[in-house]
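# A look at the structure
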Amino acid sequence: MSRLIFIGPPGSGKGTQAAELSKREKIPHISTGEILRNSVANKTDLGLKAKYYMDQGSLVPDQLVFDLVEERLSQEDAQNGWILDGFPRNSSQAETFQQMLYAKNRDCDYAIFLEVPDAILIERLLLRGRADDTAETIRHRLDVYQEETQPLIDFYGARGKLRRIRGNQPVEKVTQDLQHALTTGH
Ligand code: AMP
């Protein structure tokens, strides 16, 4: 059973690694960005509220994201473990989430941090070409990451949960390093 949080800048390969691990471990891969993008595409209430922030590359208000995560984690398939990709995204989300887990006598096992240099990220994001991957929003998303998400490295580090993986390697090598970290705990 694993409860894992993936932290890393946009373009670090979190999504790819989380999807691969999810298949292998048979636990759901929960990407808040993907859920939000689907909500926007389907023009749900949540999507209509989130679109404005996503188009800018800013964070969607905490409460909206927290509600969607809580709902998703209450589903049957998430009772034996999960991989969170893109949540928590700032200190306030991390605090609230930690309290939610403790209230259920749960905790995350590891926060996996995929480290990739900025220059490589920009190159990767421009190649990906998603709707919110324009040069301007990329810059903004990297700034948001540095200001809001980077502090989570200390948050999970202080709790002994952080495992660093070098993301600037061939995808198979990243998978291998990740597997090693998860099996040995180092
Ligand atoms: P991602 O696919 O993780 O890069 O997320 C795409 C966009 O969805 C982000 O730029 C944010 O606007 C929004 N988003 C995803 N996860 C979160 C979160 N945990 N908190 C706030 N906004 C989020």
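As annotated in an unreviewed UniProt entry, the protein is Adenylate kinase from Roseofilum reptotaenium AO1-A. Checking UniProt for the protein, the heading Pathway (unreviewed entry) contains the comment "Purine metabolism; AMP biosynthesis via salvage pathway; AMP from ADP: step 1/1." As its UniProt record puts it under Catalytic activity (unreviewed entry), the protein is described as follows: "AMP + ATP = 2 ADP".

With six of its six residues buried, strand 1 (residues 2–7) lies for the most part within the structure. Here strand 1 shows no split at all, with Ser2, Leu4 and Phe6 on one side and Arg3, Ile5 and Ile7 on the other all buried. Across five bridges, strand 1 lies against strand 3 (residues 81–85) in parallel orientation. Paired with Leu4 across the bridge in strand 3 is Ile83.

Another point: a negative patch on the surface. Negative charge collects at one region of the surface, where Asp118, Asp143, Glu147 and Glu148 lie side by side. Top contributing element to the negative patch by residue count: helix 7 (residues 135–149), with three residues.

To continue, consider the layout of surface pockets. Roughly 900 Å³ of volume is contained in the largest pocket. Residue lining of the largest pocket: 44 residues in total, with Pro10, Lys14, Asp85, Arg89 and Arg130 positioned closest to the centre. Breaking the lining of the largest pocket down by element, the ones donating at least two residues are strand 1, helix 1 (14–25), strand 2 (29–31), helix 2 (32–41), helix 3 (45–56), helix 6 (118–128), helix 7 and helix 9 (171–184). Here the lining of the largest pocket gets five residues from one element, more than from any other, and that element is helix 2. For the lining of the largest pocket, a count of residues per class yields 16 nonpolar, 18 polar and ten charged. The space that makes up the second largest pocket amounts to roughly 180 Å³. Taken together, Arg37, Val40, Lys51, Met54, Asp55, Arg130, Ala131 and Asp132 make up the lining of the second largest pocket.

What counts and what doesn't
Residues numbered from 1 in each chain as written. Predicted model: local features only at pLDDT ≥ 70, side-chain atom pairs only at ≥ 80, totals over all residues. Heavy atoms only, no water. UniProt positions renumbered as here; feature names shortened; annotations may be inferred. Buried < 20%, exposed > 50% of the residue type's maximum accessible area, 1.4 Å probe, protein only. Helix = DSSP H or I, 4+ residues; strand = E, 2+ residues; numbered from the N terminus. Pairing = 2+ DSSP bridges. Patch = residues over 30% accessible without salt bridge, like charges linked within 9 Å, V, L, I, M, F, W, Y side chains within 5 Å. Areas by Shrake-Rupley, 256 points an atom, 1.4 Å probe, with all protein chains shown as cover. Salt bridge = Lys/Arg side-chain N within 4 Å of Asp/Glu carboxyl O. Lys, Arg positive; Asp, Glu negative; His and termini not counted. Charge placed at Lys NZ, Arg CZ, Asp CG, Glu CD. 1 Å grid on protein atoms, 1.4 Å probe; cavity = no way out; pocket = protein on both sides within 12 Å on 5 of 7 lines; lining within 4 Å. Points joined across faces, edges and corners; volume = space filled by probe spheres on them. Nonpolar A, V, L, I, M, F, W, Y, C, P; charged D, E, K, R; others polar.

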